[in-house]
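Reading the structure
One letter stands for each residue in the lines below.
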Amino acid sequence: MTRLFVLELTVAMLSGLTGAGQARATPVPNPPNAPTQISSLKPGGPLDPGYRRLTIPKVRHNTFSLVDDTGTTVLKVESDDSAGSIGLPFSVDAKITPLMSWRWKVNRVLDKADINTKLGDDYAARVYVLFDVPLASLSFTDRTKIRLARMVAGDDVPTAAICYVWDNKSAIGYNRWSPFTNRVRKIVLQSGNTHANQWMSETRDVAADFRAAFGIEPPRIIGVAIGNDSDQTDEKVTTWFGDVVFKAPAQ
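Residues numbered from 1 in each chain as written. Predicted model: local features only at pLDDT ≥ 70, side-chain atom pairs only at ≥ 80, totals over all residues. Heavy atoms only, no water.

**Side note on the overall build of the protein**
Counting its regular elements, the protein contains 3 helices and 14 strands. The proportion of buried residues among the 251 residues of the protein is 55%. When the accessible surface of the protein is summed, it comes to about 10700 Å², and 51% of that surface belongs to carbon and sulfur atoms. (Helix = DSSP H or I, 4+ residues; strand = E, 2+ residues; numbered from the N terminus. Buried < 20%, exposed > 50% of the residue type's maximum accessible area, 1.4 Å probe, protein only. Areas by Shrake-Rupley, 256 points an atom, 1.4 Å probe, with all protein chains shown as cover.)

**Some points on the sheet that holds strand β2 (residues 52-54)**
If you trace the 7 strands from one edge of the open sheet to the other, you get β2-β5-β12-β7-β8-β10-β9, paired in mixed fashion. A single partner strand is all that each edge strand has here, and the edge strands are β2 and β9 (175-177). The mean angle between the axes of side-by-side strands here comes to 25°, regardless of whether they run parallel or antiparallel. Summarising the sheet, β2 and strand β5 (residues 83-88) pair through 3 bridges and their orientation is antiparallel. Looking across to β5, one finds that Arg-53 is bridged to Ile-86. Against the sheet, helix α3 (residues 206-214) contacts β7 (123-131), β8 (160-167), β9, β10 (184-191) and β12 (221-229), and its axis sits at roughly 105° relative to β8. (Pairing = 2+ DSSP bridges. Axes fitted to C-alpha atoms, helices over the stretch in contact; angles between N-to-C directions. Contact = heavy atoms within 4.5 Å.)

**Regarding the pattern of salt bridges**
Where charged atoms from two side chains of opposite charge approach closely, those side chains can pair. Inspection of the entire model under this criterion finds 8 salt bridges. In this structure, Asp-69 and Lys-105 form a salt bridge, with 3.1 Å as the shortest nitrogen-oxygen distance. Taken together, the residues Asp-69 in strand β3 (residues 63-69) and Lys-105 in strand β6 (residues 99-106) connect sequence positions 36 residues apart. Comparing Asp-69 with Lys-105, the two get one shared label, buried. A network of salt bridges, in which partner residues are shared, links Arg-108, Asp-111 and Glu-235. (Salt bridge = Lys/Arg side-chain N within 4 Å of Asp/Glu carboxyl O.)

**Structural notes on the packing of aromatic side chains**
All chains considered together, the criterion is met by 7 aromatic pairs. Aromatic rings pair up to connect Trp-102, Trp-104, Tyr-164 and Trp-166 into one cluster. Cation over ring: Arg-103 sits above Trp-199, and NZ or CZ is 4.0 Å from the ring centre. For Arg-185, the ring lying beneath its charged end belongs to Trp-177, and the centroid distance is 4.7 Å. (Phe/Tyr/Trp six-rings, centres within 6.5 Å; stacked < 30°, edge-to-face > 60°. Lys NZ or Arg CZ within 6 Å of the ring centre and 35° of its normal.)

**Description of the pairing of β3**
Pairing of β3 with strand β4 (residues 72-80) involves 7 bridges; the strand directions are antiparallel. Following the sheet pairing, Ser-65 is matched in β4 by Lys-76. In sequence, β3 turns back onto β4 through a hairpin of 2 residues, with Thr-70 there showing a positive phi of about 50°.

**What about the confidence of the model for the protein?**
Predicted coordinates in regions of low pLDDT should not be interpreted in detail. Summing up the model confidence of the protein, the mean pLDDT is 82 and the portion of residues at 70 or higher is 76%. Residue range residues 1-32 is modelled with pLDDT below 50. Its contacts to residues more than four positions away, or to other chains, number 104 contacts. (pLDDT = per-residue confidence, 0-100.)

**Looking at the nonpolar core**
With 44 residues, the main nonpolar core has Leu-75, Met-100, Tyr-164 and Ile-226 as its most contacted residues. Excluding residues that lie within four positions of it along the chain, Met-100 makes contacts with Val-127, Val-129, Tyr-164, Glu-202, Thr-203, Arg-204, Val-206, Val-224, Val-244, Val-245 and Phe-246. Core analysis: the second largest hydrophobic core is formed by 12 residues, Tyr-123, Tyr-128, Leu-130 and Ala-161 among them. (Core = buried A, V, L, I, M, F, W, Y, C linked by side-chain atoms within 4.5 Å.)

Right, dumping it as structure tokens:
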């Protein structure tokens, strides 16, 4: 098992966790143990204590800050030959509230990124959705890799994830397994600089995306991680994130 395999699994690691496409939705109350929304925090203030800074050993850390954007607090993530995410400890039944909505903005995409290679696996923005697939249901090889990863990074390494990305050149809708592990499916939602410095709103049926990727019904969602990375390409990028909300389908 390489350090890069551990990186891909643990970049979205959380502790203390108790088809997609556009869709209409009916808001529902935040599920138990949902994190405080970013917009409820104070610009210039500290992150909510329930959030977790997710960084990689021996890789320069991203810079995270809460800033005002036209009267609303958003999370600003600055990457300079660095990597990192903020973990949001959701606990969500994907069958009941499968629609996840958020908005994001980037100042640019990464010129040298390449979603198909390990050396180019950097993104101007990425959002991981973490699923608690029972370890016993996985293949012997996958169980072994995850157990090794947990020995390195802790017992809360997730067993599966969907990763939505803002890529530099891939077509919107393109998806593939991570070059590091088949436990992470990457899906391109935005691509290129056409919408740079513009807020883009997303809604995904994460349950449908999970079924399409893994071929089974989705287990409980145990967290979301938002961030960016430029440590492979040695570039700079700034990303902003708004609130992440789970919703039930409209009746």
